[in-house]
Amino acid sequence: MKTLTLGLVGVGRIGQMHAQNLLTVRDQVAARGVQLEIVLADAAPETARQVADRFGLRATESVDTLISEGIDGLVIATNTATHPDLIRAGLAAGIPVFCEKPVSSDVVGALPLLKEIEAASGVVQIGHQRRFDVGYQEAKRRFDAGDLGWLHGLRAVSGDAFPPPVEYLATSGGIFRDMAVHDFDVIRWLTGQEIVEVYARGTNNGDPEIGAVGDVDTAQATLTLADGTVAMATATRYNGAGHDVRLDVQGSKDTVVVGLDDRSALRSAEPDVGFPAGTAHQTFAERFVDAYVAELVAFVELVLGERENPCTPFDAVAASLVADAAQLSLARSEPVAVPALRDVLDGTAEPVPAVDLVPFSA
Ligand SMILES: NC(=O)c1ccc[n+]([C@@H]2O[C@H](COP(=O)([O-])OP(=O)(O)OC[C@H]3O[C@@H](n4cnc5c(N)ncnc54)[C@H](O)[C@@H]3O)[C@@H](O)[C@H]2O)c1
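Sequence order as written defines the numbering, with residues in each chain counted from 1. Only residues with pLDDT of 70 or above have their local features reported here, since the model is predicted, and side-chain atom pairs are shown and tallied only from 80 upward, although totals for entire chains, interfaces and linings are computed over all residues. Side-chain metrics in this entry use all non-hydrogen atoms of the structure; hydrogen atoms and water are not considered.

If you tally the helices and strands in the chain, you get 13 helices and 13 strands. Counting only C-alpha atoms and orienting by the principal axes, one finds that the chain spans roughly 55 × 50 × 45 Å. Counting only residues that meet the buried cut, the chain has 53% of its 362 residues in that class. Accessibility throughout is a Shrake-Rupley quantity obtained with a 1.4 Å probe, and a residue counts as covered only by protein chains that appear here. Total accessible area computed for the chain in this model is approximately 15100 Å², and 51% of it derives from carbon and sulfur atoms. Positive and negative side-chain charges of the chain, numbering 28 and 50 respectively, have mean locations separated by a distance of 3 Å. Helix numbers and strand numbers start at the N terminus; a helix is a DSSP run of H or I with at least 4 residues, a strand a run of E with at least 2. Working definition: with a 1.4 Å probe on protein chains only, accessible area under 20% of the residue-type maximum means buried, over 50% means exposed, and in between means partly exposed. Here Asp and Glu are counted as negative and Lys and Arg as positive; His is not counted, and neither are the chain ends. Lys charges are placed at NZ, Arg charges at CZ, Asp charges at CG and Glu charges at CD.

Below, the structure written as structure tokens:
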């Protein structure tokens, strides 16, 4: 039996979910002869201890002690602004890193880090879990196989049933960087095309505190892909029907919908249509539980050197570049061109200017 130790730093909302999912990962990899040990740390050591006790895991005092203990891989689930320094800590220790999305609060902040990762040949997987969801994978498989024909549209929906805490939103970078970035990532991944222009709108009709920290609670972005295909991404924090994440992939031969099943958070307005009839998902944690487990199994395989990186920092920052452009488009009320990330890194194109959250009034 081979033993592998993963350190999980950050045990807030998603860190606790990862801690729980890592128990399933541990069972899955044990069947392949890998004994997984999991150690937790958080800026609040007492919280780390409590979460560790809850899941029968071990906690350590700080990130420094976690890394100096000699772990084989680092899983980062802390607030976005802390990601770059923690990724650097993993690189300095020479260990593979899994980091929650996004890589950093804005793309300008991610550029030096991307260069450092490339220079060090660092192994860093970013947590865009939808790439591991069976529905997204099947839609990509059918598109790649030619079953859908050429695309005449994509419609991405991301709806949270209720907003996260306002304190979280204040440091999230805004709804496009925090939420719609998942849609931008899967649209790039599924189509194999870059998003070259974005025109965004947004509003705030819910809790005024969300506007007060500079975010909108509902937003839409019209996206233009490199071949001219037009796509739409919508995001809201107030989808009372439940957690609703879907993608319509509309082709000249066929259309498939990701996330349309008996638990979809929507109801038909047509008479005598009983579908969907199940209880709608309420949180991202339950909607994507299998995908979150699969992405961490993939990280274990990455640590073991058994697979390619399924979501590189370059890919994640390319999606964040679209999010930055959307945030700028929202602020300026005009379309914004998205430069190619490679050109931005090479210095032949300017990055999209970073827009900080400023109090928003509807
Ligand atoms: N992939 C997804 O679907 C998804 C969903 C939600 C959140 N996220 C991402 O996960 C990250 C965390 O979000 P969250 O909602 O769990 O936040 P959170 O505020 O609930 O938890 C963050 C935790 O990190 C700890 N922390 C902060 N700085 C630290 C540091 N320097 N060292 C150690 N611990 C530190 C905090 O004490 C807290 O316990 C964000 O980057 C967010 O974008 C991803």
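Let us look at the nonpolar core. What makes a nonpolar core is a set of buried Ala, Val, Leu, Ile, Met, Phe, Trp, Tyr and Cys residues whose side-chain atoms join them at distances within 4.5 Å. Ile87, Phe176, Phe184 and Leu223 are the most contacted members of the largest nonpolar core, which totals 111 residues. It is helix α12 (residues 313–332) that contributes the most residues to this core, eleven residues altogether. Here the limits of each domain have been adopted from an automatic or database domain assignment. No fewer than three residues from each of domain 1 (2–130 + 291–312) and domain 2 (138–284 + 317–346) sit in this core. Working rule for contacts: check all heavy atoms of both residues, and any pair within 4.5 Å makes them a contact. If sequence neighbours within four positions are ignored, phenylalanine 176 has contacts with Val181, Phe184, Ala200, Arg201, Ala219, Gln220, Ala221, Ala323, Ala326, Gln327 and Leu330.

Along the polypeptide, alanine 318 turns up in helix α12. Alanine 318 gets classed as buried once you look at its relative accessible area, which sits at 5%. C-alpha separation for the pair alanine 318 and cysteine 99, spaced 219 residues apart in sequence, amounts to 16 Å. When neighbours within four sequence positions are excluded, alanine 318 is seen to be in contact with Arg188 and Leu341.

Here the focus is helix α5 (residues 107–119). What a helix is expected to span follows from its residue count: subtract one and scale by 1.5 Å. For α5, with 13 residues, the first-to-last C-alpha span of 18 Å sits near the 18 Å given by 1.5 Å per residue. What α5 keeps buried is the set Val107, Ala110, Leu111, Leu113, Leu114 and Ile117. Buried residues in α5 make contact with α4 (83–93), β6 (124–127), α12 and α13 (341–346). Any N or O atom pair separated by 3.5 Å or less is treated as a polar contact, with the protein-specific requirement of one donor-capable and one acceptor-capable atom, and with residues adjacent in sequence counted only for side-chain atom pairs. The N-capping residue of α5, defined by a side-chain oxygen 3.3 Å from the backbone nitrogen of valine 108, is aspartate 106.

A word on the pairing of strand β11 (residues 244–251). In terms of burial, β11 is largely enclosed, as eight of its eight residues are buried. Neither face of β11 is left uncovered, since the one carrying Asp244, Arg246, Asp248 and Gln250 and the one carrying Val245, Leu247, Val249 and Gly251 both have all their residues buried. Here, strands pair whenever DSSP counts at least two bridges between them. Alignment of strand β7 (residues 151–159) against β11, held across eight bridges, turns out to be antiparallel. Counterpart to leucine 154 in the pairing with β11 is valine 249. Relative to strand β12 (residues 255–258), β11 runs antiparallel, the two being bridged by four bridges. If you follow glutamine 250 over to β12, its bridge partner there is threonine 255.

Each residue is tested against the molecule or strand, and it is near if at least one of its non-hydrogen atoms lies within 4 Å. Around the ligand sit 25 residues, and of these Arg13, Ile14, Asp42, Thr80 and Tyr292 come closest. Separating an oxygen atom of the ligand from a backbone N or O atom of glycine 12 is a distance of 3.4 Å. A distance of 2.6 Å is found between an oxygen atom of the ligand and a side-chain nitrogen or oxygen belonging to aspartate 42. Its free accessible area being 860 Å², the ligand has 83% of it covered by the protein chains. Broken down by secondary-structure element, the contributors of at least two residues to the shell around the ligand are α1 (13–30) and α8 (175–191). Only Asp, Glu, Lys and Arg are considered charged, only Ala, Val, Leu, Ile, Met, Phe, Trp, Tyr, Cys and Pro nonpolar, and every remaining residue, Gly among them, polar. When grouped by side-chain class, the residues that make up the shell around the ligand number ten nonpolar, ten polar and five charged. Two domains each donate at least three residues to the shell around the ligand, and these are domain 1 (2–130 + 291–312) and domain 2 (138–284 + 317–346).

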